[in-house]
Amino acid sequence: MEKVNLTIDNMKVEVHKGITVLEAARASGIEIPTLCFLKDINEVSSCRICLVEIGQKLLPSCTVAVEEGMIIRTNTLKVREARKTILQLLLSNHKRECTTCLRNGKCELEKLSQDLALTDIEYEGEKNHCDMDTTGASLIRNAEKCILCERCISVCKNIQTVGAINFSGRGFTTKVAPAYDRALADTVCVNCGQCVTSCPTGALTEKENIEDIWRELDNPDKYVVVQTAPAIRVALGEEFGLSIGTRVTGKMTAALRRMGFNRVFDTDFAADLTIIEEGTELIKRLESGENLPLMTSCCPGWVKFVEHNFHDMLNNLSTCKSPHEMEGAIIKSYFAEKEGIDPSKIVVVSIMPCIAKKFEEQRDELSRNGMKDVDYVLSTRELAKMIRQSSIDFVNLKDDDFDSPIGMGSGAATIFGVTGGVTEAALRTVFETTSGEKLDNIEFKEVRGIKGIKEAKIILPNGNVIDTVIISGLGNAREVVEQVRKGEKHYDFIEVMACPGGCVTGGGQPIISSKIREEINIKEERAKAIYEEERSLIVRKSHENPYVNELYKEFLGQPNGHKAHELLHTHYVERNMF
Ligand code: SF4
Ligand code: SF4
Ligand code: SF4
């Protein structure tokens, strides 16, 4: 590749032609602050914090390309003054309540103020006043903390192709909002939370349920059961300073027990159950030829996306509830019966990497006899806050285990946390149950990896071929589903996770700054940890989970049978398309 020679802060450097000044500086060990910049998602140079001096001009380093002989100065008085002025102007119209802000400690605007040693705001003047939008089930919009960086708009429009929010108004009154200033709850937003994890400030946050949980835990009449999804255990540690992708399964269960939950269960149990139900559904659909391709339904962001955009494909969605909803239904039926507990006294709390599940648990379809399957959903971030509120020394906790009987999941269930995991888990079971043969190698490497669209043909021992496609990110999903609709592509099985990379980078996971996102591949690190966890387990196939088999024998009967349908399956609704 062609190279060019530059001088950055009196250092002679040689860099690849075509890269930006920001990239060249960072590659040379020189840090330049950024705010609106989010690599590969938002590269629009709207905030201008990354200004540098090139010749006599101040130019934004995130979009200016390097040129031969360029002389760049990143730290002159003029640069520092310009950055401070920009920051002061942003803060002059910002609701500054850092100590009580949900993003306190994780806000890039707050960090920049510290880094630039800002001590006062010279430009105090009129401020924009906007009401908070708290209508959504999953997220809150606080336009008074928005710096108009555009990151959320880019991720929602370009990566997810949802386009629920955009700039509205002009000049001083410009804000980010849904079209016609509608409430977020009335839009096509699918609650994926990718805008929340992209936002550098507290302008977009999840709707917290922490106080609800403390209240339930304090109520002696309630039996509070918690379940945790697989992607939590490879991300929660980051909130306590551990490196990205550290596995903290044992510490997490220990912390939950100390916080006072009556039982600590693993959603992996229900992921195994999902595989049995969905695998059976796939085999039936392949035999009948109806409603193919089968599209997975474990991601509520994706399900809502289909409900808004693809009304003609609602019957292609698997009727299986998502794993945590299945687990909730089993806790309030089988578990309650087995333990002699009145199900109306049971409170089910799901700890999820996902804020779309906050919307999902409120769906009418996911209740029975006036009782919701799941009562509350907390994100990984909320769990970390609760652990800190409890003064638990998380890093030094001794490992603990999940409770039985709903606490054991197989390796196949664990990999649900990463894109391709559901397909791999289903293939292990479908292959062995249809052929009666044991797989020599249970790792289907062809469905692994964090690529947004992966195709694979799986040949069963009887010669039948299952055409699959594994997708993460809703823009990718839209592209593939439109090809299927037009008859340009044929698949039997489509796995979709709304978040790019799958739940490991879900909208409820720890917030990682744009700088670290640039340096470390978060998806890969957390996915690696999930696969390590899976290899450490003795049972690695869903149909070999002894507790799931016992559940069918003692309580459910046949997979896809009457009782299983009543408790574990659901239906979908058409939603507005704009
Ligand atoms: S939650 Fe997802 S769909 Fe909704 S506004 Fe944010 S990015 Fe868009
Ligand atoms: S809501 Fe957040 S991400 Fe969106 S423009 Fe405002 S500050 Fe940027
Ligand atoms: S991919 Fe996972 S975290 Fe993201 S919306 Fe779907 S279920 Fe939630």
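From a predicted model like this one, the values you see are computed outputs, not experimental measurements.

Q: I'd like to hear about the overall build of the protein, residue by residue, with values.
A: Counting secondary structure elements, the protein contains 19 helices and 19 strands. Taking the principal axes of its C-alpha atoms as reference, the protein extends roughly 75 × 55 × 50 Å. Counting every position in the protein, which comprises 578 residues, the buried fraction comes to 60%. Long-range contacts, defined here as pairs at least 24 residues apart, represent 74% of the contacts in the protein between residues at least 6 apart. Of the roughly 23,600 Å² of accessible surface on the protein, a fraction of 49% belongs to carbon and sulfur atoms. Each charge sign in the protein was given a centre, from 72 positive and 86 negative side chains, and these centres are 4 Å apart.

Q: Give a detailed account of the sheet that holds strand β18 (residues 465-472), specifying residues and quantitative values.
A: As summarised here, the arrangement of the four strands in space is β12-β19-β18-β17, forming an open sheet in which the pairing is mixed. Of all the strands in the sheet, the pair left with one neighbour each is β12 (294-295) and β17 (453-459). Its contacts with the sheet put helix α15 (residues 474-485) on β17, β18 and β19 (493-497), and the angle it makes with β18 is roughly 145°.

Q: An account of the site of ligand 1 is needed here, citing residue identities and associated values.
A: By nearness alone, every residue bordering ligand 1 is listed as Leu 139, Cys 156, Val 162, Ala 164, Ile 165, Cys 189, Val 190, Asn 191, Cys 192, Gly 193 and Cys 195. Each residue belonging to the shell around ligand 1 can be placed in one class, and the counts come to nine nonpolar, two polar and no charged.

Q: So what's going on with the side chain of Arg 263? Residues and values would help.
A: Following the sequence through the fold, Arg 263 ends up in strand β11 (residues 263-266). In terms of polar contacts, Arg 263 uses its side chain to reach the side chain of Tyr 223, at 3.2 Å. Here Glu 339 takes part through its side chain, which lies 3.0 Å from a polar atom of the side chain of Arg 263. Residues in contact with Arg 263, not counting those within four places in the same chain, are Tyr 223, Val 224, Val 225, Val 226, Phe 335, Glu 339, Asp 403 and Ser 404.

Q: Give me the pattern of salt bridges: which residues, what numbers.
A: Any two side chains of opposite charge can pair, so long as their charged atoms come close to each other. What the rule picks out here adds up to 55 salt bridges. Among the ionic pairs, Glu 307 bridges to Arg 363, the shortest N-O distance being 2.6 Å. Linking Glu 307 in helix α9 (residues 300-309) with Arg 363 in the loop between α11 (356-360) and β14 (367-368), this pair joins segments that are 56 residues apart in sequence. With respect to class, Glu 307 is no different from Arg 363; both count as buried. The salt bridge involving Glu 519 is made with Lys 515; its shortest N-O contact spans 2.8 Å. Of the two residues, Glu 519 and Lys 515 both sit in helix α16 (residues 514-519), four residues apart, roughly one turn of that helix. One salt-bridge network, held together by shared partners, links Glu 424, Arg 428, Glu 443, Lys 445, Arg 448, Glu 534, Arg 535 and Arg 540.

Q: Explain the pairing of strand β4 (residues 57-60) residue by residue, including any values.
A: Bridge count for strand β3 (residues 51-54) against β4 is four bridges, and the pairing is antiparallel. Bridging from a neighbouring strand, Glu 53 pairs with Leu 58 of β4. The antiparallel hairpin formed by β3 and β4 contains two residues in its connecting segment, where Gly 55 sits at a positive phi of about 65°.

Q: Could you give me a rundown of unusual backbone geometry, with the residues and numbers involved?
A: For the peptide bond that leads from Leu 292 to Pro 293, omega is 0°, which places it in the cis range. With respect to the helices and strands, Pro 293 occurs in the loop between α8 (268-288) and β12. Geometrically, the link from Ser 404 to Pro 405 is a cis peptide bond, its omega value of 0° lying close to zero. Despite not being glycine, Asn 369 shows a phi value in the positive range, around 50°. Of note in the backbone geometry, Ser 391 takes a positive phi value of approximately 55° without being a glycine.

Q: Explain the sheet that holds strand β1 (residues 3-8) to me, and be specific about the residues and the numbers.
A: Strand order in the open sheet formed by five strands is β2-β1-β5-β3-β4, with mixed pairing between adjacent strands. Every other strand in the sheet has two partners, leaving β2 (11-16) and β4 as the edge strands with one partner each. The average angle at which neighbouring strand axes cross in this sheet is 40°, direction not considered. One ladder, built from six bridges, connects β1 with β2; its direction is antiparallel. Opposite Lys 3, over in β2, you have His 16 as the bridge partner. Along the sheet, helix α2 (residues 77-92) contacts β3, β4 and β5 (71-73); its crossing angle with β3, the most-contacted strand, is approximately 150°.

Q: Give me the packing of α8 against helix α14 (residues 421-435): which residues, what numbers.
A: Where α8 contacts α14, the two axes come as close as 9 Å, and the packing angle between them is 65°. Of the two possible hands of crossing, α8 and α14 adopt the one that is right-handed. Contact residues: α8 offers Ile 275, Ile 276, Glu 278, Gly 279, Leu 282 and Ile 283, while α14 offers Val 422, Ala 425, Ala 426, Thr 429, Val 430, Thr 433 and Thr 434. Looking at the contact of α8 with α14 residue by residue, the class counts come to eight nonpolar, four polar and one charged.

Q: An account of the packing of aromatic side chains is requested, with residue identities and associated values reported.
A: Scanning the model with the defined rule gives six aromatic pairs in all. Between Phe 240 and Phe 394 the ring centres are 4.5 Å apart and the planes differ by 25°, which places this aromatic pair in the stacked class. In this pair, Phe 240 is assigned in the loop between β10 (223-228) and α7 (249-259) and Phe 394 in the loop between α12 (380-389) and α13 (411-414), connecting sequence segments 154 residues apart. You can call Phe 240 buried: its relative accessible area is 17%. Residue Phe 394 is classed as buried on the basis of its relative accessible area of 1%. Each ring, one from Tyr 334 and one from Phe 555, has its centre 5.3 Å from the other, and the planes form 50°; the classification is tilted.

What counts as what
Residues numbered from 1 in each chain as written. Chains lettered and ligands numbered in written order. Predicted model: local features only at pLDDT ≥ 70, side-chain atom pairs only at ≥ 80, totals over all residues. Heavy atoms only, no water. Helix = DSSP H or I, 4+ residues; strand = E, 2+ residues; numbered from the N terminus. Buried < 20%, exposed > 50% of the residue type's maximum accessible area, 1.4 Å probe, protein only. Contact = heavy atoms within 4.5 Å. Areas by Shrake-Rupley, 256 points an atom, 1.4 Å probe, with all protein chains shown as cover. Lys, Arg positive; Asp, Glu negative; His and termini not counted. Charge placed at Lys NZ, Arg CZ, Asp CG, Glu CD. Pairing = 2+ DSSP bridges. Axes fitted to C-alpha atoms, helices over the stretch in contact; angles between N-to-C directions. Near = heavy atom within 4 Å. Nonpolar A, V, L, I, M, F, W, Y, C, P; charged D, E, K, R; others polar. Polar contact = N/O pair within 3.5 Å; in protein donor to acceptor, adjacent residues only side chain to side chain. Salt bridge = Lys/Arg side-chain N within 4 Å of Asp/Glu carboxyl O. Left-handed = near helix turned anticlockwise from the far one by under 90°. Phe/Tyr/Trp six-rings, centres within 6.5 Å; stacked < 30°, edge-to-face > 60°.

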